[in-house]
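Chains, contacts and geometry: an overview
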Amino acid sequence: MTYTLTTPLYYVNDKPHLGSAYTTLACDALARFHRLCGEQVTFVTGCDEHGQKIQRTAEAAAVSPQQHCDAISRSYQDLWDRWQISHDAFIRTTDPRHQQIVNQFFARVEASGDVIEGRQQGWYCVACEEFKDDAPEADAPQCPIHQRPLEWRDEVNLFFRLSRYQKEIEALIQRPDFILPISRRREVENFVAQGLRDFSISRRHVPWGLPVPGHDGHTFYVWFDALLGYLTALLPADAPAELEQLAAHGWPAQLHVIGKDILRFHAVYWPAMLMSAGLPLPERVFGHGFLTREGQKMGKSLGNVLDPDVLLERCGRDAVRWYLLRDIPFGDDGDFQQQRFTDLVNNDLANTIGNLLNRTSSMARRWFDDSVPSAAGARDSSHPLAVAAEQARTDVIAGFEAMDFRRAAEATLQLAISANGFLNDQAPWSRMKQDGQRDAVADDLYAVLEATRWIALLLAPLLPDLSARMLDQLGLPPLPPGGPWLPLLSWGQLPPAAPLPEPTPVMARLELETPL
RNA sequence: CGCGGGGUAGAGCAGUCUGGUAGCUCGUCGGGCUCAUAACCCGAAGGUCAGGAGUUCAAAUCUCCUCCCCGCCA
């Protein structure tokens, strides 16, 4: 069973922002989950590096487009390294292999009779790399997204005959799981229902692009070549890049995760292009929401941009991952609120989970010779915490399968809450003072330690770092990245009498003195 | 203009399809405990469910109207 998933290939216009990090983090959690379940995962990310916008940005910075792309693309790779993103492939559309794939793909599309010449007239937004629908006679129209003047274009371009795929696309987007979340499907349906129009796939006078074979002076429209990056990414670097090899390397993808703004490209244009080239279609496109900050759109003009770099440095991987994935329903728009961020991280991670491990380990070490107490009834699957753990496992798995990170996170938390409650009810600190209670206390502490082992395991896809620290604190070996995970999730596997390391807090509380 | 989503406690959300004590998380307040990272456990306060009209024994939930936010329309 193989599982291929992709982030968007990020446009290298500027350094990475939090939105890109959000998408990538979510994919990372998904990729880790599927690996832990024993699947062969290919997690693709990368950069989209062509187009007039890049060219101009480079010019403005007085560097060559290639230098510009190298630098920005480098910053993406660095950032993902620091976030410990577990991607298997990082594709750059300036990779020479990519040109080969684009050429082969274009040849197929052309052979299908889906490429025609047409004259494109209209107002163009370079920032969007898109033609807009403003009337030709419009006076100095502006891009509604970028608030920048549109440029008038009148040129002969190559067009992809999207209109031929009306029926197929209509059928495709009706598939229940193709566009997720379903709330976004209607938008696409609406768009398709208006009738699909052919779209231009080449530009003239844009030297920073891949040349279109057989059409001098044309370069590919950036979106046309960018989407194909998903294919190039899958092919091994040490073999010739051939479309024929894709089936052996994980195509079709099971999932494209994207921001809601580029849903149309992925749910309409891209499948039609693949159909034209005779390639299988991805199974699912998930368009997640956008992040605001304290209720406001993040933007340079407002100066309220949250830099993923700063977030990482000041708060750490676990905190940010937890907040973004546990608190924002994946798919919906979300608001980053610093107060809630620190509240949740401190409550959930430091207090409920971290302190649970800390307090239990302390008691076990103090009264049971620095080791895991031996257990009798606590290893039985009918123990109340065993039952709670089973429930948590079920919910975590269901959560990940539904791409509902929040559900997975809450289920894990719930287990920790149950364990804390159990401790308070049993009050081992009191019972230790009574005669003849030692074995009962041992049993209780064992059960709670075993529950924390489960918590650590269940946290692995979401918070790999914290998970590893918890396992370490329990005296257990690190989790092998490819699993097996499920076999470890059976009650009573924590070895009794094993030594417990001296406890140190696995999760520090966040104390942010100043705004992020 | 058209289409779609939304307006529920201080904050973020669920509940609306299949009317009938308005629920969750965080925050706030009170109590308990003392093993632990000022932590953990228990409890409480806090809502005219955007506004108006209607249907009904009964409306956050159904109908109509109004206001406000947000998204889509290459």
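Residues numbered from 1 in each chain as written. Chains lettered and ligands numbered in written order. Predicted model: local features only at pLDDT ≥ 70, side-chain atom pairs only at ≥ 80, totals over all residues. Heavy atoms only, no water.

Overview of the layout of surface pockets
The computed volume of the second largest pocket comes to approximately 680 Å³. Along the walls of the second largest pocket sit 26 residues, with Phe131, Asp133, Arg197, Arg264 and Tyr269 positioned nearest its centre. At the level of secondary structure, the elements contributing two or more residues to the lining of the second largest pocket comprise strand E4 (115–125), strand E5 (130–132), strand E8 (199–200) and helix H8 (263–276). It is E4 that contributes the most residues to the lining of the second largest pocket, four residues altogether. Here the lining of the second largest pocket is built from residues that sort into eleven nonpolar, six polar and nine charged. (1 Å grid on protein atoms, 1.4 Å probe; cavity = no way out; pocket = protein on both sides within 12 Å on 5 of 7 lines; lining within 4 Å. Points joined across faces, edges and corners; volume = space filled by probe spheres on them. Helix = DSSP H or I, 4+ residues; strand = E, 2+ residues; numbered from the N terminus. Nonpolar A, V, L, I, M, F, W, Y, C, P; charged D, E, K, R; others polar.)

Some details on the protein's contact with RNA strand B
Taken together, the neighbourhood of RNA strand B is formed by 41 residues, with Phe131, Asp133, Gly195, Arg264 and Asn355 sitting nearest. When the atoms of RNA strand B within 4 Å of the protein are sorted by group, sugar and phosphate make up 70%. Taking Gln194, its side chain carries an N or O atom lying 2.8 Å from a sugar or linking oxygen of RNA strand B. At 2.7 Å, a backbone N or O of Met507 approaches a base nitrogen of RNA strand B. Of all the secondary structure elements, the ones that give two or more residues to the surface near RNA strand B are E5, helix H6 (185–193), H8, helix H11 (338–367) and helix H13 (405–426). For the surface near RNA strand B, the element with the most residues is H11, which contributes 14 residues. Across the surface near RNA strand B, the residue classes tally to 13 nonpolar, 14 polar and 14 charged. (Near = heavy atom within 4 Å. Polar contact = N/O pair within 3.5 Å; in protein donor to acceptor, adjacent residues only side chain to side chain.)

Describing unusual backbone geometry
Each neighbour pair has its own omega, and for Leu180 with Pro181 the value is -10 degrees, a cis peptide bond. Of the consecutive residues Trp251 and Pro252, the connecting peptide bond is found in the cis state with omega at 5 degrees. The topology assignment puts Pro252 in the loop between helix H7 (222–234) and strand E11 (255–259). For Gln84, which is not glycine, the phi torsion reads 55 degrees and is therefore positive.

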